[in-house]
Structure formats: structure tokens, C-alpha cells
Amino acid sequence: MTKTITIDPVTRLEGHGKITIELDARGEVKTAHFHVTQVRGFEKFSEGRPFYEMPALMARICGICPVSHLLASAKACEAIMAVEIPETAAQLRRMLNLAQMVQSHALSFFYLSSPDLLLGMDSDPAARHIFTVAASYPELGRAGVGLRRFGQHIIELLGDKRIHPGWVVPGGVTEPLTVAKRDEILGMLLDARVAVQLALRSYKEITYRFEDEIAHFANFPSMFLGLVNGDESAEFTDGALRLIDANGKIIEDGIRAKRFTEVMGEAVEPYSYTKFVYYKPFGYPEGCFRVGPLARLNIVKTMGTHLADAELRQFKQLENGPVRSSFHYHYARLIEMLHGIEKIEEILNDPLILDKHVRATAGVNRLEGAGQAEAPRGTLMHHYKVDEDGKMTWANLMVATGLNNNAMNQGVLQAARFFVKEGRLSEGILNRMEAVVRTFDPCLSCSTHAWGKMPLLIELKDAEGKQIGEARR
Amino acid sequence: MKVLVLACGNPLRGDDGVGLVLARHAEEWAAERGRAVKVQTQMQWTPELAEEIAAAHAVVFLDCAVDLAPGEICAREVGAAGDLPPASHHLDAAELLALARGLYGREPRRAVALTIGAAHLGMGEGLSVEVEAALPEARALLEQTLKDCLKD
């Protein structure tokens, strides 16, 4: 008899999702799906709004990475305005994006995933949360809380608010940086760097415990996509996209936002509200790829900063060619945090950062525009159409979680096939199913969050959908 | 930092914003007198506040309350929660104190929660008549609390 196992909700993710695992008559895994069960509708209800309102509206999609939506949206608006923003504004935005990346990665690594990594996948679910980590490993707990505070405080200093800052606008930013704010940020950098280096050391000390997870957590050949600079270094805000294959060969380079809308398609599956983004020339699902920290480190030759480059060299030795195990998203995330802190220092030490020219102005000069940026969890694209008065007539967003959607589903199936044997389940196995998804740090609706012990419901259903069993934790 | 004032609330949800109104008063009161009071306002209290709480001599938490009658004022001493909680994004005063102690090995010598019973928490700016009427007494109580904390 066929059985279906449902994990609902999946915990310690940004937003709500569920996992179903279908077993065959022998109790072996037949299929597995990761479902996103919420619909938002931002693309639809933005229609009719003035285009210059879009960054502030779109930032409300997410409380964790509003800066990414602000940036991609502002860039789409600037394509409509046909303006190039001042260099200082571009650097200030770059710093804002890096600060957001640090705080978001800190949330993902320390708050959401470190309980699995430090306490163990099979540890007591009631105590598997950040506060037990803080009690057992106070130094790491302080590092995590401190790094999140570091990123949030920079965002607050630049944009006046930690969440949903209104500082980024079409054309640049509203206010230049002051000397006092620059110096305050410079004064925070050393502690932040020490905290990330502590996390890197700790992570390397424990990875030997996760051989099975490394081998079976979405570990398969795939293409990888991310922003890169012309000098082959890592980029999060500007630059252009590069798509590589599973062996590291470049498939397409220099993809700007306008081109992105031409070469990327979106497929829909009946089990999820999140779309599946794919590279059109290869079709669906063959054209699916991975984005985010793992992909970004796979596509670059250098991080562009000294300490992060030393870590990147070690990262690239994990495998011969692009790193395929999604477990290593965690490692990549830490390296990106280190890079972010170094890069912020580099930006602040350039006197240009205090320049007062930070905003270009223009009206509607094109009726269509697209903008792209790297969100903490991967590439993000906003695509808008407006009428002659600048009112929105159409919007489409391709977000990182949609770009990773196929890989997450493949990953859940791969892990289920390894860990679920003859229909036998344990809480630790269920946690591993969730942990596969956590490696990607998906943002499902970007508005609701949960961690720790949540009600987990497992339903066993026969081939006709009749419930034949149930388990809760 | 001598005294840290932490206010929590959303000014777009009626009486939920009363903590922010009181925080503004604390800021003005301290500025006029040159007192070592730092005021922070947030929509919800998060773990990142633990470090500043640990460094403060005293903390005053300002919030609305749903377990008090509309306009009723309550000032009470708060201690750290017994265990660190499996919390979500929002922490209460006792949990924040516990986190400060757990992470930094310190907690303020004194922690006071000043709350006012809410009448209206729906969409919309502005306070209800009941909470508005309670503000003069709440401001006076806040000033006295700050003076006491600064003396300690």
C-alpha cells in the first residue's frame, strides 16, 4: 500500500511550507515534494501605483531581506527612468546590501541552523533552538546575536530603520553618509570580524560529524547562477550574472537584468505556490539551477577581499570543480559574512563615500525596466511595465526561493531516499528532511517566522488519499 | 549607560503605540536634565537587545497590556525568566533579562515594566480615550521610575 508522510509546517524557515514523502508498498520513498503553501499577490496589487512607489511597496514583501527588494526594485525603476546613479550612491547601496547579508546570514546560520549543527540532528526537539545554543556555547551565542545586531545597526544608521528603511529610492539614496556614521560603523568592524572567524573555526571543527548529511543533502550536479564582477570577484549589488554548469564551464556570462527576463522562464507545479525558474534554452526542468551562497562561491575566482579569499581557497578544495553538496551552503554563508565585513571596511575607507551627490532624478523615459541584485538567499529580479504617466501596468518578480525551488525538491527527495528506510521514521529523520531545506535558507513568504519546537504533523495516507495513520511531536 | 528605556509597539495599531509615546517623553525628560538615559523603540523586542540590557544599570520596559483594564497603569519589578525560552522573534521583558544573563553573565540591578491597559489594538493611528486619559499619570510614574533608577 502506498503511504504519504506529511511534515507540516517545516520549522526554522522564513515563512510556511510543508514536505510530503510518498512511500511505495515496500515502504521505500517513491516521491517527495517541498510545498510553499502561501500566496502573496504583490505583483498584482502593485498595478496602478506610481512606479516610484515600488521600492517602498516591494520592500514590505520581506522583513528579513527588504534591502534586496528595495535594490532590485529601485534598479528596475532606474531602467524606466534611463538614469545611471552616482558612484557614491552605488557604493552606499552596496554597503547596505552587505550589512543586510551579514544580519540575514547570521539569522540563518546561528538562529535557525546552529541548533542542528551544534546540538545534533537527533537532539531533543524541545531544546533544539538558539537559546540552548546560547546556554551551551555562550561565545557562539554572543557571536550570532552580535553579528545580527551589527548588520541591523548599519542598516539603521544608513536608512534610519532596521527593517524597511526608506533610504534607497529610484535614482540613488535620499541622504549622503555623515562622518559620524562612517566612524561608528568603522568602530564596529573588528568585533564583527572576530565573531565570524570564531564561527568559521567552530564550523570546521564539527563538519566531520555530518558525513551522511554532506553526502545526501541536495548533493547532485547542477548549474549555478550568481552575480560576478568583471574582474571575476564576488558581487552582490551590481555586476552581471554568470551561469555555469556542474563542471564549472561558463554557459552564459554578462547577463544583465533585461537579458535575465529574456532567458529565464517560469514553470508552475500543482503542489506549490512558488514558481520554478529555469534557463529557457535548456527547457524545464533540465534548465533549473542553484543560487545563493553556494552558487555565488562556485561562480567566482576570488571574493575580492583578503581574509575571505583565504577561506574561498579552502572551500574550493572541498570538491574537484563546483561544490555540489548543499550542506556547504552553511560554510559559504560564513565566508560571505567575512567578505561583507571586509568589503564594508574597504568602502568606508574610500573618501568618495562621503560625497554629497547621491541621487539622480528623471521621469519616465522607458515603458519597461528590470533590475537584479543578490539577496542573501540568491538572485532576485524585479521586472516592471508602466504607462506614459508612470503608473504600473504589470510586474513580475523572480525570487531566490523560486530559482532554488527545483533544487530544494530534488534535495528533499535525495535525502528522503537515503534516510527513510522501509517506512521507518524518527524525529531525527524528520528533522533532517527540514534541515535539507534549511541549507538553502529559503524565504517562503518573507513575513512570518518560526523556530524551535513547532507542532509537526505526520499523516500516513493510502493511494486513495485516505488517512491511515498520524503522528505528532 | 545608566538607564536603558526599551519601548515596544506599533503606532499604526492604536493603543499598541502607547509605549512609543512614553518613550518620547522619557527622551525629552532626560535631554532637558542631561541624564544618562538611552531610549530605544522597536515594534517588538528581539534577542539583539540582550547586550545593551546586560550593560545597563537599570532597564525600564514600556508597553501596552491586554491583561489590564483599558487605561489601567501598572509598574512592577521584573526578574529574569527561569529558563531561556524556545521563543520566536518576540521576547518579553523577563526573557530578555534571562538572555542577557545567559549570554553575557550580567543583568541590570533593577528592571521595571511600566504598562498601560489597551482599549483598542485595531488598525489606525492615535490612542483611545481611556489610554489618552491615563497618560499624565503614566508620565509622572515614568519620571519617578527614572529618578529612582538613576539614584540606585
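Keep in mind that this is a model prediction, so the values were computed, not measured.

Novice: I'd like a rundown of the overall build of chain B, residues and numbers included.
Specialist: Tallying secondary structure elements over chain B gives four helices and five strands in all. Seen in sequence order, chain B has helices and strands lined up from the N terminus as β-α-β-α-β-β-α-β-α. What you see for chain B is a C-alpha radius of gyration of 15 Å, in line with the 15 Å of a compact globule of 152 residues. Projected onto the principal axes, the alpha-carbon positions of chain B cover approximately 45 × 40 × 20 Å.

Novice: Provide a residue-level description of the packing of helix H7 (residues 179-206) of chain A against helix H11 (residues 306-316) of chain A, including the pertinent values.
Specialist: All names here are of chain A. Put simply, H7 and H11 touch, their axes get as near as 13 Å, and they point 10° apart. Relative to H11, the element H7 lies roughly parallel. The way H7 lies across H11 gives a crossing that is left-handed. On H11, the residues touching Arg193, Gln197, Leu200 and Lys204 of H7 are Leu307, Glu311 and Gln314.

Novice: I'd love a proper account of the sheet that holds strand E8 (residues 250-255) of chain A, names of residues and values included.
Specialist: All names here are of chain A. The four strands lie next to each other as E8-E7-E6-E11, forming an open sheet whose pairing is mixed. Each edge of the sheet is formed by a strand with only one pairing partner; in this case those strands are E8 and strand E11 (289-290). In this sheet, E8 lies alongside strand E7 (residues 240-244) in antiparallel orientation, the contact comprising three bridges. Across the sheet, residue Leu241 finds its bridge partner in E8, namely Ile255.

Novice: Explain the nonpolar core to me, using residue names and the numbers behind them.
Specialist: Core analysis: the largest hydrophobic core is formed by 149 residues, its most contacted members being A:Phe110, A:Leu147, A:Ile344, B:Ile53 and B:Phe61. Among the elements that line this core, the one with the most residues is helix H4 (residues 87-119) of chain A, at 17 residues. When near neighbours in sequence (up to four residues on either side) are disregarded, A:Ile344 contacts A:Met95, A:Leu98, A:Ala99, A:Phe150, A:Ile154, A:Ile185 and A:Leu189. Counting residues in hydrophobic clusters, the runner-up holds 29 residues, among them B:Val18, B:Cys64, B:Ala138 and B:Leu142.

Novice: Can you explain the sheet that holds strand E1 (residues 3-8) of chain B? Please cite residues and give values.
Specialist: Residue and element names in this part refer to chain B. The strand order across the open sheet formed by five strands is E2-E1-E3-E5-E4, and the pairing between neighbours is mixed. Each edge of the open sheet carries a strand with a single partner, namely strand E2 (37-42) and strand E4 (73-77). The sheet shows a mean angle of 15° between the axes of neighbouring strands, taken without regard to direction. Sheet topology note: the strand E3 (residues 58-65)/strand E5 (residues 110-117) ladder contains eight bridges and is parallel. Of the residues in E5, the one forming a bridge with Val59 is Ala111. The sheet strands contacting helix H4 (residues 129-151) are E1, E2, E3, E4 and E5, and the helix crosses E5 at an angle near 175°.

Novice: Tell me about helix H6 (residues 138-159) of chain A, residues and numbers included.
Specialist: Here H6(A) is 22 residues long and its end C-alpha atoms lie 31 Å apart, about the 32 Å a rise of 1.5 Å per residue gives. Just past H6(A), the residue A:Asp160 takes up positive phi, approximately 75°.

Novice: Give me the confidence of the model for chain B: which residues, what numbers.
Specialist: For chain B, per-residue confidence averages 92 on the pLDDT scale, and 95% of positions sit at 70 or higher. With a pTM of 0.89, the predicted complex shows an ipTM of 0.82.

Novice: How would you explain the packing of H4(A) against helix H15 (residues 427-440) of chain A if you had to name every residue and give the values?
Specialist: Residues and elements named next belong to chain A. In contact at an axis separation of 11 Å, H4 and H15 are set at 135° when each is read in the N-to-C sense. Taken together, the axes of H4 and H15 lie oblique to each other. For H4 against H15, the interelement crossing comes out left-handed. For the pair H4 and H15, contact is made by Leu112, Ser113 and Asp116 and by Asn431, Ala435 and Arg438, respectively. Residues belonging to the contact of H4 with H15 are distributed by class as follows: two nonpolar, two polar and two charged.

The rules behind these values
Residues numbered from 1 in each chain as written. Chains lettered and ligands numbered in written order. Predicted model: local features only at pLDDT ≥ 70, side-chain atom pairs only at ≥ 80, totals over all residues. Heavy atoms only, no water. Helix = DSSP H or I, 4+ residues; strand = E, 2+ residues; numbered from the N terminus. Rg over C-alpha atoms; globule rule 2.2 N^0.38 Å. Axes fitted to C-alpha atoms, helices over the stretch in contact; angles between N-to-C directions. Parallel < 35°, antiparallel > 145°, perpendicular 65-115°, else oblique. Left-handed = near helix turned anticlockwise from the far one by under 90°. Contact = heavy atoms within 4.5 Å. Pairing = 2+ DSSP bridges. Core = buried A, V, L, I, M, F, W, Y, C linked by side-chain atoms within 4.5 Å. Buried < 20%, exposed > 50% of the residue type's maximum accessible area, 1.4 Å probe, protein only. Expected span 1.5 Å × (residues − 1). pLDDT = per-residue confidence, 0-100. Nonpolar A, V, L, I, M, F, W, Y, C, P; charged D, E, K, R; others polar.

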